[in-house]
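The primary structure of each chain is shown beneath.
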Amino acid sequence: MNNIILIITATSTALIAGLFYAYTCSVNIGLGRLPDREYLAAMQNINSAILNPLFFLSFMGTLVLLPVSAWVNYEQSLSGRFLLLLIAAVLYAIGVFGVTMFGNVPLNNKLAGFDLKSATVDDIASQRLSFERPWLLLHNIRTIASVACLVLVIIGCIYRSE
């Protein structure tokens, strides 16, 4: 049962790391090339579309699965596998989930309340400036954190105690 939980955990962690990585190396670059109005409209649509059950299952599932995987691999001697999974769980909770909930989501909510239809060109430019750079910085933090979590989980999967 431990291995099944670990495989599911590795899969969910990989899905989230892959999602953030794909955004970093393609989606964000493509969006960055758009004019201000189109950029903001696209981000409003993407931020709305990502709020779906499939995303929540992997995003929240990973938050739950990482500590569960650490717990089921706990041993009296604090095995290397347990420690790797525990570090991954803490890193995910802070660097992925925490950054998203306390950084990206507030920016997304502010952007969702921005009325593109009635905004002036200057308002739109200002909104993009106040949104894009901080959102990308936070996104890059969670991308690096999620990839690091994945590496820790993979090492945990192949770790053999002596």
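Look up: the structure comes first, before these words.
Conventions we followed
- Residues numbered from 1 in each chain as written.
- Predicted model: local features only at pLDDT ≥ 70, side-chain atom pairs only at ≥ 80, totals over all residues.
- Heavy atoms only, no water.
- Salt bridge = Lys/Arg side-chain N within 4 Å of Asp/Glu carboxyl O.
- Helix = DSSP H or I, 4+ residues; strand = E, 2+ residues; numbered from the N terminus.
- Buried < 20%, exposed > 50% of the residue type's maximum accessible area, 1.4 Å probe, protein only.
- Expected span 1.5 Å × (residues − 1).
- Bend = angle between axes of the 7 residues up to and from the residue.
- Contact = heavy atoms within 4.5 Å.
- Patch = residues over 30% accessible without salt bridge, like charges linked within 9 Å, V, L, I, M, F, W, Y side chains within 5 Å.
- Areas by Shrake-Rupley, 256 points an atom, 1.4 Å probe, with all protein chains shown as cover.
- Phe/Tyr/Trp six-rings, centres within 6.5 Å; stacked < 30°, edge-to-face > 60°.
- Lys NZ or Arg CZ within 6 Å of the ring centre and 35° of its normal.

Enquirer: Sorry, what's going on with the pattern of salt bridges here?
Expert: Two side chains carrying opposite charge are able to pair once their charged atoms lie near each other. Going through the model one piece at a time under the given rule, you end up with two salt bridges. The salt bridge involving arginine 128 is made with aspartate 36; its shortest N-O contact spans 3.1 Å. With a gap of 92 residues between them, arginine 128 in helix α5 (residues 121-158) and aspartate 36 in helix α2 (residues 36-49) connect regions that are remote in the sequence. Take aspartate 36: its relative accessible area is 29%, and that puts it in the partly exposed class. A salt bridge links glutamate 132 to arginine 128; the nearest nitrogen and oxygen atoms lie 2.9 Å apart. You can see glutamate 132 and its partner arginine 128 sitting in helix α5, four residues apart, about one turn around the helix. Taking relative accessible area as the criterion, arginine 128 reaches 7% and is therefore assigned buried.

Enquirer: Quick question: what am I supposed to make of helix α1 (residues 2-32) here?
Expert: One full turn of an α-helix is made of 3.6 residues, so residues set three or four places apart face in the same direction. With 31 residues, α1 should reach 45 Å at 1.5 Å per residue; the first-to-last C-alpha distance of 43 Å fits that figure. Residue tyrosine 23 marks the point of greatest curvature in α1, where the axis turns by about 45 degrees. Along α1, the positions that sit buried rather than exposed are Ile5, Leu6, Thr9, Ala10, Ser12, Thr13, Ile16, Ala17, Phe20, Tyr23, Asn28 and Leu31. Where α1 is buried, its residues contact α2, α3 (53-72), α4 (80-112) and α5.

Enquirer: I would appreciate a short explanation of a nonpolar patch on the surface in the present structure.
Expert: A cluster of nonpolar residues, Tyr74, Leu78, Leu83, Leu86, Ile87, Val90 and Ile94, forms a patch on the protein surface that exposes about 620 Å² of accessible area. Along the chain, leucine 78 falls in the loop between α3 and α4. Overall, leucine 78 belongs to the partly exposed group, its relative accessible area being 41%.

Enquirer: Can you help me understand the environment of glycine 18 in this one?
Expert: By secondary structure assignment, the location of glycine 18 is in helix α1. The class of glycine 18 is partly exposed, set by a relative accessible area of 33%. Expressed as a C-alpha distance, the spacing of glycine 18 and serine 146, which sit 128 residues apart in the sequence, is 8.6 Å.

Enquirer: How do you make sense of the packing of aromatic side chains when you look at a structure like this?
Expert: Here the distance between the centres and the angle between the planes together describe a pair of aromatic rings. Overall, the coordinates contain seven aromatic pairs when judged by the stated rule. Here phenylalanine 55 and phenylalanine 59 contribute two aromatic rings whose centre-to-centre distance is 5.1 Å and whose plane-to-plane angle is 15 degrees, an arrangement assigned as stacked. Of the two residues, phenylalanine 55 and phenylalanine 59 are both situated in helix α3; the distance of four residues between them amounts to about one turn of the helix. For phenylalanine 55, a relative accessible area of 14% corresponds to the buried category. Of the residues examined, phenylalanine 59 reaches a relative accessible area of 2% and is grouped as buried. A connected cluster of aromatic rings, assembled from ring pairs, spans Phe55, Phe56, Phe59, Tyr92 and Phe97. In this structure, arginine 128 is placed above the aromatic ring of tyrosine 39, and the distance from its NZ or CZ to the ring centre is 4.1 Å.

So yeah, pure geometry; function would need other evidence.
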